Amino acid sequence: MKLTFLGATQTVTGSKFLLEAAGKRIMIDCGLFQGLKELRLRNWEAPPVVPAAIDALILTHAHIDHTGYTPRFVNQGFRGPIYGTPATVDLLRILLPDSAHLQEEEARFRNRHAMTKHKPALPLYTIEDADAALRLARPVSYRQPFPLAPGLSFDYLPAGHILGSAFVRFQVAEPGRAPKTVLFTGDIGRYGTPIIKDPAPVDETDVLILESTYGNRLHGGPQGVAGKLQLRDAIVRTESRGGQVLIPSFAIGRAQEILYYLRELENERQIPVLPVFIDSPMAVSAFEVFQEHTEEHDLEMKALRRNGGDPLSTRNVQFCRSVEESKAINAHRGPAIIISANGMATGGRVVHHLMRLLPDGRNTVIFVGFQAAGTRGRYLVEGARTIKLYGAEYPARAEIESIDGFSAHGDYNEILRWLEGFKRPPEMTFLVHGEPNAIDSMKRHIEEKHQGWKVRDPEYLEKAEF
């Protein structure tokens, strides 16, 4: 059995892993690299494996850093099945065409304004590529062993990160060898997250591929509690100045969670009732998927729905799909809350809102999730006074707020809590999905808390055999 690390090593994005076992070559995740230019350039390089030689692709969840390379992978020859939980497959039908549309739009914009070193600028992939990938998608339910070959199967366990997110657990039984279990966490969610269930307990595995995004940080209390108060205070401050609040948000998971908390704050009369614009076609469609997949909902969400309320709505919310609806937001005068994709402000409609709102000190930009190195969000959170948007420099006079409490990633204490469910240490634990400082800290925390655990931080393209 062999494992090759094709992404998410010493960085958070570009999740890709190759598992070779029982005569099969299985990819786990197929994500885009984001952030630093040196990482983004990997998306344009020839893939480190031959796509046509991969037998199947298994996705942990729908986020772009775990799925966004899939259309290009299909364009380059992959023809195998793509497995995901039912909610993940439904979210892919929203996410991949939207991602392709953004790729095409950026290429057209750069060509129209001569803002490209390449003539012409080309998209990384097209909507046709995304459609071809979706035709390969196959849903697999949680906790149902799925055979891939004699001696090789996998099942999904809830990961608590976003709707449809899962741990992927492989059972490998090759002739003449002791059976092995290999578990990929994807992204581990948090305990007490609204809407969806907590991460499923796991008691053992032989090999563990573990995320470490927040391996060096704590979120400051239970999920949403501190973040909700920060959100409240920022909204109240901004409204008192007559400004508008812009929340760059991932369309899947975070946008729904923010609206959930805004509803609570309104009902508790902790914030004024303001117009709330959900400005992302993908987020609008994702709200519908969240409402449909009731099997993913936690007990609180189910109770709210039984009582006739809509947990994912405020008193004055407007869902903006069309370009015309998005542009109409610009005409709004007075305080408002705008939730727009994407969460790191690297592209999408949120960039146009930044162009309008960032130079005005009455406004506030609230980042509600991890900001990868090299992204606009990271630069602003770290205090940049100007930011480049479509080739022009804009002053950053607006108040910049960063709220870690809404992160969908477990912090190191929550990851350690999950690891406490293991009856025995894995033969090897590989730390991925983290920047170097986070990985180093997570490694130290595990070794201090769990004596006898072997922990490694693999390098890009490293291979490991078992």
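Each remark here, short or long, concerns the structure printed above.
Residues numbered from 1 in each chain as written. Predicted model: local features only at pLDDT ≥ 70, side-chain atom pairs only at ≥ 80, totals over all residues. Heavy atoms only, no water.

What follows covers the overall build of the protein. Across its full length, the protein carries 14 helices and 22 strands. Against the compact-globule benchmark of 23 Å for 466 residues, the protein has a radius of gyration of 22 Å, which places it among compact chains. Projected onto its principal axes, the C-alpha coordinates of the protein cover approximately 70 × 55 × 40 Å. A total of 466 residues make up the protein; the buried ones form 60% of that total. The long-range fraction of contacts in the protein, counting pairs at least 24 apart against all pairs at least 6 apart in sequence, stands at 75%. Within the structure as shown, the protein displays about 18400 Å² of accessible surface, and the carbon and sulfur contribution to it stands at 50%. Averaging the coordinates of the 55 positive side-chain charges in the protein and doing the same for the 56 negative ones gives two points 3 Å apart. (Helix = DSSP H or I, 4+ residues; strand = E, 2+ residues; numbered from the N terminus. Rg over C-alpha atoms; globule rule 2.2 N^0.38 Å. Buried < 20%, exposed > 50% of the residue type's maximum accessible area, 1.4 Å probe, protein only. Contact = heavy atoms within 4.5 Å. Areas by Shrake-Rupley, 256 points an atom, 1.4 Å probe, with all protein chains shown as cover. Lys, Arg positive; Asp, Glu negative; His and termini not counted. Charge placed at Lys NZ, Arg CZ, Asp CG, Glu CD.)

To continue, consider the pattern of salt bridges. The tally for this structure, following the rule as stated, stands at 25 salt bridges. D155 serves as the salt-bridge partner of R169, at 2.8 Å between the closest nitrogen and oxygen. On the criterion of sequence distance, the pair formed by R169 in strand β9 (residues 166-172) and D155 in strand β8 (residues 152-158) is long-range, its members being 14 residues apart. Linked through salt bridges whose partners overlap, the residues forming this network are R237, R241, E399 and E401. (Salt bridge = Lys/Arg side-chain N within 4 Å of Asp/Glu carboxyl O.)

On to the sheet that holds strand β22 (residues 463-465). Here we have seven strands laid out as an open sheet, ordered β6-β5-β4-β3-β2-β1-β22, and mixed in their pairing. In this open sheet, the two strands that pair with only one neighbour each are β6 (137-139) and β22. Taken pair by pair, the neighbouring strands of this sheet meet at an average axis angle of 25°, ignoring direction. Judged from the four bridges that link them, strand β1 (residues 2-5) and strand β2 (residues 16-21) form a sheet pairing that is antiparallel. Bridge pairing in β2 places K2 opposite E20. On the sheet, helix α4 (residues 86-112) packs against β5 (82-84) and β6 and is oriented at approximately 150° with respect to β6. (Pairing = 2+ DSSP bridges. Axes fitted to C-alpha atoms, helices over the stretch in contact; angles between N-to-C directions.)

Where α4 meets helix α5 (residues 127-134), the closest approach of the two axes is 8 Å, and the angle between their N-to-C directions is 160°. The angle between the axes of α4 and α5 places the two elements in the roughly antiparallel class. Judged by the sense of rotation from one axis to the other, the crossing of α4 with α5 is right-handed. Residue-level contacts link L92, R93, L96, P97, A100, H101 and E104 of α4 to I127, E128, A130, D131, A133 and L134 of α5. When its residues are assigned to classes, the contact of α4 with α5 shows eight nonpolar, one polar and four charged. (Parallel < 35°, antiparallel > 145°, perpendicular 65-115°, else oblique. Left-handed = near helix turned anticlockwise from the far one by under 90°. Nonpolar A, V, L, I, M, F, W, Y, C, P; charged D, E, K, R; others polar.)

On to the pairing of strand β11 (residues 207-211). Burial analysis of β11 places five of its five residues in the buried class, which makes it a mostly covered element. Residues V207, I209 and E211 point to one face of β11 and L208 and L210 to the other, with burial holding for every one of them. As paired strands, strand β10 (residues 180-184) and β11 are joined by three bridges and run parallel to one another. Bridge pairing links L183 to L208 in β11. When β11 meets strand β20 (residues 428-432), the two strands line up parallel, connected through five bridges. By the bridge assignment, V207 is partnered in β20 with M428.

What follows is about the sheet that holds β9. In spatial order, the strands read β7-β8-β9-β10-β11-β20-β21; together these seven strands make up an open sheet with mixed pairing. Edge positions in the sheet fall to β7 (146-149) and β21 (455-456), since each of these pairs with one other strand and no more. Relative to β8, β7 is paired through three bridges, and the arrangement is antiparallel. Following the sheet pairing, A149 is matched in β8 by L152. Across the sheet, helix α13 (residues 412-419) lies against β9, β10 and β11, angled at about 160° from β11, the strand it touches most. Packing against the sheet, helix α14 (residues 436-449) makes contact with β11, β20 and β21, and its axis sits at approximately 150° to β20.

We now examine a positive patch on the surface. Side chains of R143, K197, K302 and R306 sit close together on the surface and give a patch of like positive charge. Along the polypeptide, K197 turns up in the loop between β10 and β11. You can call K197 partly exposed: its relative accessible area is 39%. (Patch = residues over 30% accessible without salt bridge, like charges linked within 9 Å, V, L, I, M, F, W, Y side chains within 5 Å.)

With that out of the way, let us pick up α4. If you check α4, its first and last C-alpha atoms are 40 Å apart, about what 27 residues at 1.5 Å a residue would give, namely 39 Å. Of all bends in α4, the biggest is about 35°, found at L92. Remark: A114 follows α4 within two positions and exhibits a positive phi of approximately 55°. (Expected span 1.5 Å × (residues − 1). Bend = angle between axes of the 7 residues up to and from the residue.)

Bringing the nonpolar core into the picture now. Residues L231, I247, L262, I278, I337 and I339 are the most contacted members of the largest nonpolar core, which totals 68 residues. Once you skip the residues sitting within four places of it in the chain, I278 turns out to touch L259, A283, V284, F287, V317, Q318, F319, C320 and I339. (Core = buried A, V, L, I, M, F, W, Y, C linked by side-chain atoms within 4.5 Å.)

That is the geometry; function is a separate question.
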